[in-house]
Amino acid sequence: MPAPLIYLDHQATTPCAAEVVAAMEPHWNGGFGNPASRAHRIGLAAAAAVDIARERIASHLDVPPDWVVFTSGATEANNLALKGLAETAAAPGHLVSVVSEHRAVLDPLEDLRRRGWELTLLPVDPDGRLDPARLDAAITPDTRLVSVMAANNEIGVIQPLEAIGRLCRSRGVPWHCDAAQAFGHMALEPRRLGIDLLSLSGHKLYGPKGIGALVVAPEIRLHAQLHGGGQERGLRAGTLPVPLIAGLAEASALAQADRVERQQRCSELRQRLLTPLLELGDVVVNGSMEHRLAHNLSVTVRGVNGAALHRELRRSIACSSGSACSAGEPSHVLAALGRSRREAEASLRLSLGRQTSEGEVDAAGSRIADVVRQLRRDRPG
Ligand SMILES: Cc1ncc(COP(=O)(O)O)c(C=O)c1O
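**Observations regarding the site of the ligand**
Now for step 1: Surveying the vicinity of the ligand reveals 13 residues, the closest of which are Thr75, Asp178, Gln181, Ser201 and Lys204.
Now for step 2: At a separation of 2.8 Å, an oxygen atom of the ligand approaches a polar backbone atom of Ala74.
Now for step 3: Lys204 places a side-chain nitrogen or oxygen 2.6 Å from an oxygen atom of the ligand.
Now for step 4: Residues of the shell around the ligand, tallied by class, amount to four nonpolar, seven polar and two charged.

Listed below in structure tokens is the structure:
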């Protein structure tokens, strides 16, 4: 029997926690009501379940519950934030973001650019972080929005959130932050940080797929992207998926409860995984180690063919070369750090999770080391 696959792709998605599945269970059948059906008890019970979930999530972010707008995930939340804000403007203006953002930010921004908006995409430093001075220099009187993510999906690098928040506040420009990878994995308080719009997703933190939220500060006006029944204060029409919402709230609570201990454990496991890789020589860590999600490791392995590396590892380790959502294109994030196409292809994103064990990390480290040595022997140089 082949050895079980070691799952090191938690930034692509996580398994749904057993507690989350249990929290969703009552809402599939018995508690199946439509929260918009206010005329009877079954609908009212569903509405109450949504209210409780909204309050729980809001309390974890330290915001009032009515800031939370449920969406189908972070992609939709980003689209609502970016296009929704732009569409309230009388005329196209200027937008600022960063080259290493997720496609779910870059693509809506590109859509706006085609509609006449001016778009500045700032570079990152070699460690993957945005220099706030560059942001300061890029903001003009015409800038309507800054969009900078909290933590990168490929290299796990955490942006200088406090400095960005201070800057956006002092320049009077709203800040949208894609926190799909950060929510539940690091402390995140939009009000304290000065984030006006924050996108989050359930399936990156042991919740269900197909649910997320946009957190919207009260001063922000958005144009809805889905029109219909007026749900979510008219910002996002559609019958609310009560089981998924209850699951998201439970996932958020679990993440809140074990976050500090999980971060500590993941950073120890990551070091354990990194040590045998560095011993190989010519292995470079992509992005800052200091400002980084504890469960992310991204390395470029020099002197091997990327396709061969991934082909050899596929049977024993589930990992990726970059984002799960970049449809085979070489990583634009690694390119932003100055990696060549060949280097980007010979890169590994290894993301750890709540269930990852020392044994798995040791097995993965030695398997990767064996494959790299073999490939370098077969095709030296
Ligand atoms: C940074 C970032 N933003 C947005 C998304 C999209 O999230 P969702 O799958 O909830 O639409 C992802 C998922 O990979 C992500 O990593």
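On we go.
**Overview of the domain arrangement of the chain**
Now for step 1: Under the domain assignment, the chain is made up of domain 1 (6-14 + 259-378) and domain 2 (18-254).
Now for step 2: Computed from C-alpha coordinates alone, the two centres of domain 1 and domain 2 are separated by 28 Å.
Now for step 3: Listed as interface residues are 29 residues of domain 1 and, on the opposing side, 32 residues of domain 2.
Now for step 4: Regarding the contact of domain 1 and domain 2, the summed buried area is about 2,700 Å², with carbon and sulfur atoms giving 51% of it.
Now for step 5: Considering only the side of domain 1, the residues that lose the most area to domain 2 are Thr14, Leu293 and Arg354, jointly responsible for 21% of the buried surface there.
Now for step 6: At the junction of domain 1 and domain 2, the tally comes to zero salt bridges.
Now for step 7: Elements supplying a minimum of two residues to the side of domain 1 that touches domain 2: helix H8 (242-279), strand S10 (296-301) and helix H10 (332-336).
Now for step 8: Counting residues per element, the side of domain 1 that touches domain 2 draws most heavily on H10, which supplies four residues.
Now for step 9: For the side of domain 1 that touches domain 2, a count of residues per class yields seven nonpolar, 17 polar and five charged.

**Some details on the sheet that holds strand S12 (residues 347-351)**
Now for step 1: Taking strand neighbours across the sheet as the criterion, the three strands line up as S9-S10-S12 in an open arrangement whose pairing is antiparallel. With one partner strand each, in any of the chains shown, strand S9 (283-285) and S12 form the two edges of the open sheet. Adjacent strand axes in the sheet meet at a mean angle of 25°, parallel and antiparallel pairs treated alike.
Now for step 2: As defined by bridge partners, S9 adjoins S10 across three bridges and the pair is classed as antiparallel. Bridged to Val285 within S10 is Val299.

**Focus on the side chain of Asn296**
Now for step 1: Note that Asn296 resides in strand S10.
Now for step 2: A polar contact is formed between the side chain of Asn296 and the side chain of Arg292, at a distance of 2.9 Å.
Now for step 3: With residues near it in sequence (within four places) discarded, Asn296 still touches Gln11, Glu154, Ile155, Gly156, Arg270, Arg349 and Leu350.

**Remarks on the sheet that holds strand S6 (residues 175-178)**
Now for step 1: Within the open sheet, the seven strands sit side by side as S2-S8-S7-S6-S5-S3-S4. Their pairing is mixed. Of all the strands in the sheet, just strand S2 (68-71) and strand S4 (118-122) have a single pairing partner and so form its edges. Neighbour-to-neighbour, the strand axes of the sheet open up by a mean angle of 20°, direction not taken into account.
Now for step 2: Relative to strand S5 (residues 143-147), strand S3 (residues 94-98) is paired through three bridges, and the arrangement is parallel.

**What about the pattern of salt bridges?**
Now for step 1: For the structure on display, the rule yields 24 salt bridges.
Now for step 2: Where Arg114 meets Asp111, a salt bridge forms, and the shortest distance between an N and an O atom there is 3.9 Å. Separated by three residues within a single helix, Arg114 and Asp111 lie in helix H4 (residues 103-114), roughly one turn from each other.
Now for step 3: In this structure, Arg354 and Asp258 form a salt bridge, with 2.8 Å as the shortest nitrogen-oxygen distance. In this pair, Arg354 is assigned in the loop between S12 and helix H12 (358-378) and Asp258 in helix H8, connecting sequence segments 96 residues apart.
Now for step 4: The class for Arg354 is buried, based on a relative accessible area of 18%.
Now for step 5: Asp258 sits in the buried class, given a relative accessible area of 16%.
Now for step 6: Among the charged side chains, a salt-bridge network with shared partners connects Glu87, Glu110, Asp111, Arg113, Arg114 and Arg115.

What counts and how
Sequence order as written defines the numbering, with residues in each chain counted from 1. It should be noted that, the model being predicted, local features are given only for residues of pLDDT at least 70 and side-chain atom pairs only at 80 or more, the latter also being counted only at that level, while totals for whole chains, interfaces and linings use all residues. As a rule here, side-chain values come from all non-hydrogen atoms in the structure, and water together with hydrogens is ignored. Here a residue is considered near a molecule or strand provided that any single heavy atom belonging to it is located within 4 Å of it. Within 3.5 Å is the distance limit for a polar contact, defined as a pair of N or O atoms, with the added protein rule that one can donate a hydrogen and the other accept it, and that residues adjacent in sequence qualify only through two side-chain atoms. For this classification, the nonpolar set comprises Ala, Val, Leu, Ile, Met, Phe, Trp, Tyr, Cys and Pro, the charged set comprises Asp, Glu, Lys and Arg, and every other residue, Gly included, is treated as polar. For every domain, the bounds stem from an assignment made automatically or drawn from a database. The contact criterion used throughout is that any non-hydrogen atoms of two residues lie within 4.5 Å. The term buried area means the drop in 1.4 Å probe accessible area that two parts suffer when joined, counted for both and summed. By definition here, a salt bridge exists when the distance from a side-chain nitrogen of Lys or Arg to a carboxyl oxygen of Asp or Glu is within 4 Å. A run of H or I in DSSP counts as a helix once it spans at least four residues, and a run of E counts as a strand once it spans at least two, with each numbered from the N terminus. Here a strand pair is declared whenever DSSP counts at least two bridges between the two strands. Angular values range over 0 to 180 degrees, each being the angle between N-to-C directions of two axes fitted as lines to C-alpha atoms, with helices fitted over their stretch in contact. Throughout this description, buried means an accessible area under 20% of the type-specific maximum (1.4 Å probe, protein chains only), exposed means over 50%, and partly exposed covers the range between.

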